[in-house]
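Residue-level listing of the chains:
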Amino acid sequence: MHASRGTQRRSAGLGLALLSAFAFGGSGVAAKPLIEAGLDPLHVVWLRVAGAALIMLPVAWRHRNLVRERPALLAGFGLFAVAGVQACYFAAISRIPVGVALLVEYLAPALVLGWVRFVQRRPVTRAAAVGVVLAVGGLACVVEVWAGLGFDALGLLLALGAACCQVGYFVLSDHGGQEGKGSDGRRVETPHPLGVIAYGLIVGALALTVVARPWGMDWSLLGGSAGMDGDVVPAWVLLGWIVLVATVLAYGSGVVSVRMLSPQVAGVVACLEAVIATVLAWVLLGEHLSAPQLIGGFVVLTGAFIAQSATPKPPAGPVAAGGGAAAGAAESELSAGRASH
């Protein structure tokens, strides 16, 4: 009975993890036509984050104690993991192919190792070093360095900026997955990942409002249409996909899937996000990648997975009584619920 129940749980978790990867992978494919139709990349990011934040308001209210207990975590998560990653990624895909931008962003796990080794001064394993070498070598194939970096240099820098913001996200997840002390000095439990995501979206929306200035946006474009490799799609359909599917559903299913799977299995499935994004961009946007780029993409994902899985973890603090599995697995769930796309 227990074995059958465990098998069903793993199957359900795998299905949710695949759903999350598909939802995240489709964000760039839906956003790029809106950008090409005339919307500024920052405006598309603001619409995505503000719409998702509005939907997540009930979750934020339920976990309102986080505002008092973890204000720094929420602010950093919103500024880096939401606003920074989203803005850099969407600006990048306005200049370079979706698949290339996402593969460059997958250098983040390798950059995390640099943080661990040179900032935290912790040793890294040989497997982690191999992962970094593979990721960098694969990236060289993706951007075709032998052709003199044929892609837009600013687009590549923006994608790299998204990867750097993801480093901040991983570092915050590392700290946020542990118990801490509140402003009154009392011990507080590990923050619930859905609560952190909800407030991250709210903080990100507020920050992007200042930067994007949505009051200057041409709102009439949302009532029009956008082209997807010759096909015409209503703009509001694409925006609805970005908000409901690529953000709310993607985060929700990603968090729940890690509760049902081990972090290692969830990490493998998460790497499919870049593959899904590349395939969708190929089919829906006509963005064809060459054979060396596809091989390089596979090498990047392999290196990224090795680097991420081999990153040393700090000793876990004690789980507070009553915290349950949610508290103990918060760090893993935050790492699986990526805010990158």
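Residues numbered from 1 in each chain as written. Predicted model: local features only at pLDDT ≥ 70, side-chain atom pairs only at ≥ 80, totals over all residues. Heavy atoms only, no water.

K.L.:
What should I look at first to understand the overall build of the protein in this one?
P.N.:
For the protein, the helix and strand inventory stands at 17 helices and four strands. Per-residue burial over the protein gives 51% buried out of 341 residues. Across the protein, the fraction of contacts at a sequence separation of at least 24, relative to all contacts at a separation of at least 6, is 86%. (Helix = DSSP H or I, 4+ residues; strand = E, 2+ residues; numbered from the N terminus. Buried < 20%, exposed > 50% of the residue type's maximum accessible area, 1.4 Å probe, protein only. Contact = heavy atoms within 4.5 Å.)

K.L.:
How do you make sense of the nonpolar core when you look at a structure like this?
P.N.:
Taken as a class, soluble globular proteins show a tendency for nonpolar side chains to be buried jointly. Formed by 78 residues in total, the largest nonpolar core has its most connected members in Val44, Tyr89, Ile93 and Leu201. If you tally residues by element for this core, the top one is helix H6 (residues 71-93), at twelve residues. (Core = buried A, V, L, I, M, F, W, Y, C linked by side-chain atoms within 4.5 Å.)

K.L.:
Just to check I follow, could you spell out the confidence of the model for the protein for this structure?
P.N.:
Detailed conclusions should not be drawn from predicted coordinates in areas where pLDDT is low. Residues at a pLDDT of 70 or more form 76% of the protein, whose mean pLDDT is 78. In the predicted structure, residues 313-337 sits below a pLDDT of 50 and forms 46 contacts with residues beyond four places in sequence or in another chain. (pLDDT = per-residue confidence, 0-100.)

K.L.:
Would you explain helix H3 (residues 41-55) in this entry?
P.N.:
One turn of the α-helix equals 3.6 residues, which is why residues spaced by three or four share an orientation. Helix length check: H3 (15 residues) gives 21 Å between terminal C-alpha atoms against 21 Å at 1.5 Å per residue, within 8%. The buried count for H3 comes to eleven of 15 residues, which makes it a mostly enclosed element. Taken together, the buried positions of H3 are occupied by Pro41, His43, Val44, Val45, Trp46, Leu47, Arg48, Val49, Gly51, Ala52 and Ala53. Between a side-chain oxygen at the N-terminus of H3 and the backbone nitrogen of leucine 42 the separation is 2.8 Å; the capping residue is aspartate 40. (Expected span 1.5 Å × (residues − 1). Polar contact = N/O pair within 3.5 Å; in protein donor to acceptor, adjacent residues only side chain to side chain.)

K.L.:
Just checking my understanding: could you explain the pattern of salt bridges for this structure?
P.N.:
Opposite charge on two side chains lets them pair, provided their charged atoms get close. In total, this model carries three salt bridges according to the counting rule given. Of the charged contacts, one joins glutamate 69 and arginine 68 as a salt bridge, the two residues approaching to 3.7 Å between their closest N and O atoms. (Salt bridge = Lys/Arg side-chain N within 4 Å of Asp/Glu carboxyl O.)

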